[in-house]
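Letter by letter, the chains look like this.
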Amino acid sequence: MEKHRTIIFSDFDGTFTKKDIGYRLFRHFSQGRNIPLVEQWKKGLISSRDCLLEEAAMISATLEEIHLFLETFNLSPGAADFYKTIKRHNIPFYIVSDGLDIYLEHVLRKHGLDEIEFFCNRGTVKDRQLKLNFPYDNDGCMRCGCCKGARINDFVKSDRSAWEVIFIGDGLSDICAVPHADILFARGDFLDYCRAKNVMAIEYENFFDIFRYLEGSGHISG
Ligand SMILES: [Mg+2]
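Residues numbered from 1 in each chain as written. Predicted model: local features only at pLDDT ≥ 70, side-chain atom pairs only at ≥ 80, totals over all residues.

For helix α2 (residues 21-29), the set of buried residues is I21, G22, L25, F26 and F29. Axial view of α2: buried residues confined to an arc of 125 degrees, hence all on one face. On the buried face of α2, the contacting elements are α1 (12-16), α4 (48-58), α5 (63-70), β2 (93-100) and α7 (101-110). In the segment just after α2, Q31 is the residue with positive phi, at about 55 degrees. (Buried ≥ 20, exposed ≤ 12 C-beta atoms within 10 Å, placed from the backbone. Helix = DSSP H or I, 4+ residues; strand = E, 2+ residues; numbered from the N terminus. Arc of directions from axis to C-beta. Contact = placed C-beta atoms within 7 Å.)

See the structure below:
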């Protein structure tokens, strides 16, 4: 049998980070006015792109205020060491997010991990207004701003059978990754979704669990 090359894609908010930073950022700067919108998004009534656009219109903040707010957030337990270990094993690792670069990039940099490549939506702040930009083509997906399924597909489609795709997620923005992954790690709403749809997923709590799985399955050693 041909040997597959393993590639890992991870969600950011609530997966690589302990908490959902995007949700909390909009909740904080909109004084909670975004909550009904997020509920609509969770029910599938609006796309994440429309949700983000409306949330962005609700907030007024400078980039400095946003960065100050980000100070309290941490990565998930084991996330930084996990990345460093799989890098040593030459396993490619990418963050795929339906959130925004304005916080994602800042948080990675704060933890000395700005070398990690990521795919997400873009935000720029000018005159206390947050303007959004959606740079990716989503292969027809109407649900997402930056579709994780489309991002994974972009990577592997030229030779799908050459890759073993591992995806790690925690929320409803992760469901488009399901048909594109060989191994799913899930928690939170994403785990509930997988269970409801009879999708095989490995439950995890933090990146130590994922590390243990990869070690036990022979993906990494020593
Ligand atoms: Mg998430």
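This next bit is on the nonpolar core. If you look at the biggest cluster of nonpolar residues, it comprises 58 residues, and the most contacted ones within it are Y103, L104, F167, A181 and L184. Counting residues per element, this core draws most heavily on α7, which supplies five residues. Setting aside its immediate chain neighbours within four residues, L184 contacts F167, V178, C194, V199, A201 and I202. (Core = buried A, V, L, I, M, F, W, Y, C linked by C-beta atoms within 7 Å.)

On to helix α6 (residues 79-88), then. Side chains three or four residues apart in an α-helix point the same way, a direct result of the helix having 3.6 residues per turn. Buried within α6 we find A79, F82, Y83 and I86. Down the axis of α6, the smallest arc covering the buried residues is 95 degrees, so these residues share one side. Turned more than 90 degrees off the buried face of α6, the exposed positions are K84 and R88. Among the structural elements, β1 (5-10), α1, β2 and α10 (207-216) are those in contact with the buried residues of α6. Once α6 ends, the next one or two residues include N90, with phi positive near 60 degrees.

With that settled, consider the pairing of β1. Along β1, five of the six residues are buried, which leaves the element largely enclosed by surrounding structure. In terms of strand pairing, β1 meets β2 through three bridges, oriented parallel. Within β2, the residue paired with I8 across the bridge is F93. (Pairing = 2+ DSSP bridges.)

Function cannot be read off these values alone, since they describe shape.
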